[in-house]
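What follows is each chain in one-letter form.
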Amino acid sequence: MIVLGIETSCDETGVALYDTEKGLLSHTLYSQIALHAEYGGVVPELASRDHIRRIIPLLEQALDNAGITRSAIDAIAYTKGPGLAGALLVGASVACSLGMALGVPVMGIHHLEGHLLSPLLSSDPPEFPFIALLVSGGHTQLMRIDGVGRYTLLGETLDDAAGEAFDKSAKLLGLSYPGGPEVSLLAETGNAEKYRLPRPMLHSKDLNFSFSGLKTAVLTAVKDCGESLDMREKQDIARGLVDAIVDVLVAKCLSALKETGFNRLVIAGGVGANRQLRTALNDMARKKRFRVYYPEMEFCTDNGAMIAFAGAMRLLNEPGAAEKAYGFTVRPRWPLQELTGKA
């Protein structure tokens, strides 16, 4: 069974083809970073228009790379939410129109479920069950994953997510969009002792997160520097920020593993590409004797492969999950907890 996956939740247009027997056949991706950089963040209307321009050429490219025609597609999966409403509508309309034209079933996929399952696309995938740390954009959540569609929320952010702390702090430091990777790069040469920023909820005795206070701490540090805020100071502040975020994420992951008795930890989402986080988790894994799994770097950010794969896994576990029904809606806000208990 070949599943076409379409991802248009925000500022990446992704199209992929996944074969349940042969694995990932092809995936194509276009990032809008350059388009939005001028504005310092994603402009929803521009994002929607660019998805319209890119999606059909990317579909044709994915088919060519896989060496198949549209008639070989058995089902279509698209990101139904959460995300930007206009951007989601582009992917949904193309998926449902193509499904109608081909006479194949279509299904809407939760964007975060795609991220959660993306490490299973790697050459060394984890086995169920495992703990997953989802750090993607506005989401920081710890989940217990017992199987496809069997997700239990263990903890989540009460305000700003880790990704938001990176991006908002980057703006305060005068860095360009997207700021997260630049903060991480600056931190590599920063002095770890210069700025000891707070570790919110580090000792809260639960698995929830809070990162809004870090943004305030960075703002205070920047104001204190005043005109002396040079590159050296930016490097030191960035190091303080990254160390604080990493310390909290690692500590909460350890607590989740201890509470459940699991020894497999999956990291999913864009922040999962952060080098400092990976280093800290790998070091801790060696000390505490657990395994950490990451998606391939190309699958950390939004992509069509994770949507095609999530759709394929849903169909294998629930053959009727996709339907030949081509009216569509999108869900810009869609709690992942609603998927719990579905298989």
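Residues numbered from 1 in each chain as written. Predicted model: local features only at pLDDT ≥ 70, side-chain atom pairs only at ≥ 80, totals over all residues. Heavy atoms only, no water.

S.K.: How do you make sense of the pattern of salt bridges when you look at a structure like this?
M.R.: One side chain can pair with another of opposite charge once the charged atoms of both are near each other. For the coordinates displayed, the defined rule picks out 16 salt bridges. The partner of Glu113 in a salt bridge is Arg314, and the shortest N-O contact between them spans 2.9 Å. Note that Glu113 is positioned in helix 4 (residues 111-117) and Arg314 in helix 10 (residues 304-317), a separation of 201 residues in sequence. Note that Lys168 is salt-bridged to Asp160, the shortest N-O span being 3.1 Å. Classification of Lys168 as partly exposed rests on a relative accessible area of 30%. Judged by relative accessible area, which is 10%, Asp160 ranks as buried. One connected set of salt bridges, linked through shared partners, spans Asp50, Arg53 and Arg54. (Salt bridge = Lys/Arg side-chain N within 4 Å of Asp/Glu carboxyl O. Helix = DSSP H or I, 4+ residues; strand = E, 2+ residues; numbered from the N terminus. Buried < 20%, exposed > 50% of the residue type's maximum accessible area, 1.4 Å probe, protein only.)

S.K.: Mind showing me how you'd approach the UniProt feature "binding site: substrate" (unreviewed entry) in the protein here?
M.R.: Here, the residues flagged by UniProt with the feature "binding site: substrate" (unreviewed entry) are Leu134, Val135, Ser136, Gly137, Gly138, Asp167, Gly180 and Asn274. With respect to the element layout, Gly137 can be found in the loop between strand 6 (130-136) and strand 7 (139-147). When neighbours within four sequence positions are excluded, Gly137 is seen to be in contact with Ala161, Gly163 and Glu164. You can see Gly180 is positioned in helix 6 (residues 179-187). A residue is classified by how much of its surface remains accessible, and Gly180, at 12% relative accessible area, is buried. Once residues lying within four places of it in the same chain are set aside, the contact partners of Gly180 are Phe166 and Asp167. (UniProt positions renumbered as here; feature names shortened; annotations may be inferred. Contact = heavy atoms within 4.5 Å.)

S.K.: What's the story with the packing of helix 5 (residues 162-172) against helix 8 (residues 231-260) in this structure? I'm lost.
M.R.: For any two helices packed against each other, the geometry comes down to the angle between their axes and how far apart the axes lie. At a closest axis distance of 11 Å, the pairing of helix 5 and helix 8 adopts a crossing angle of 175°. Relative to helix 8, the element helix 5 lies roughly antiparallel. Residues Ala162, Ala165, Phe166 and Ser169 of helix 5 lie in contact with helix 8, whose contacting residues are Leu241, Val242 and Ile245. Each residue belonging to the contact of helix 5 with helix 8 can be placed in one class, and the counts come to six nonpolar, one polar and no charged. (Axes fitted to C-alpha atoms, helices over the stretch in contact; angles between N-to-C directions. Parallel < 35°, antiparallel > 145°, perpendicular 65-115°, else oblique. Nonpolar A, V, L, I, M, F, W, Y, C, P; charged D, E, K, R; others polar.)

S.K.: What's the story with the UniProt feature "domain: Gcp-like" (unreviewed entry) in the protein in this structure? I'm lost.
M.R.: Summarizing the sequence annotation, UniProt attributes the feature "domain: Gcp-like" (unreviewed entry) to residues 24-309 in the numbering used throughout. The span residues 24-309 shows a helical share of 48% and a strand share of 18%, and its end C-alpha atoms are spaced 8 Å apart.

S.K.: For this particular structure, what's the right way to read helix 2 (residues 44-66)?
M.R.: One turn of the α-helix equals 3.6 residues, which is why residues spaced by three or four share an orientation. Relative to the 33 Å expected for 23 residues at 1.5 Å per residue, helix 2 spans 31 Å between its end C-alpha atoms, a close match to the ideal helical length. Of all bends in helix 2, the biggest is about 35°, found at Arg54, and the proline Pro57 comes one to four residues later. Lining the buried residues of helix 2 we find strand 1 (2-7), strand 2 (12-19), strand 3 (23-31), helix 1 (33-37) and helix 3 (85-102). Taken from the residues just after helix 2, Gly67 is the one with a positive phi, measuring 75°. (Expected span 1.5 Å × (residues − 1). Bend = angle between axes of the 7 residues up to and from the residue.)

S.K.: What is the right way to read the packing of aromatic side chains from this model?
M.R.: Any aromatic ring pair is given by two values, namely how distant the centres are and how the planes are angled relative to each other. Counting across every chain of the model gives three aromatic pairs. The interplanar angle of 80° and the centroid separation of 5.2 Å between the aromatic rings of Tyr18 and Phe309 together place this pair among those described as edge-to-face. With Tyr18 in strand 2 and Phe309 in helix 10, the pair connects residues that are 291 residues apart, well separated along the chain. By the burial criterion, Tyr18 is buried, and Phe309 matches it. Pairing Phe128 with Phe130 gives two aromatic rings, centres 5.4 Å apart and planes at 15°, and the pair type is stacked. Note on Phe128: relative accessible area 31%, which makes it partly exposed. Taking relative accessible area as the criterion, Phe130 reaches 1% and is therefore assigned buried. Note that Arg54 overlies the ring of Tyr30, its terminal NZ or CZ placed 3.9 Å from the centroid. Taking NZ or CZ as reference, Lys80 lies 5.9 Å from the ring centre of Trp334, over its face. (Phe/Tyr/Trp six-rings, centres within 6.5 Å; stacked < 30°, edge-to-face > 60°. Lys NZ or Arg CZ within 6 Å of the ring centre and 35° of its normal.)

S.K.: Looking at this model, I keep getting lost on helix 5. Mind explaining?
M.R.: Those residues of helix 5 not exposed but buried are Ala162, Gly163, Ala165, Phe166, Ser169 and Ala170. Seen along its axis, helix 5 keeps its buried residues to an arc of 160°; they face one direction. Contact partners of the buried residues in helix 5: strand 7, helix 6, helix 7 (212-225) and helix 8. The first or second residue beyond helix 5 is Gly174, which carries a positive phi of 75°. (Arc of directions from axis to C-beta.)

S.K.: What is the right way to read the sheet that holds strand 9 (residues 264-268) from this model?
M.R.: Taken together, five strands build an open sheet; the order of strands is 8-7-6-9-10 and the sheet is mixed. Here the strands that pair on one side only, and so sit at the sheet edges, are strand 8 (150-156) and strand 10 (291-293). This sheet shows a mean twist of 25° between the axes of neighbouring strands, independent of strand direction. Lying over the sheet, helix 8 contacts strand 6, strand 7, strand 8 and strand 9, oriented at roughly 155° with respect to strand 6. (Pairing = 2+ DSSP bridges.)

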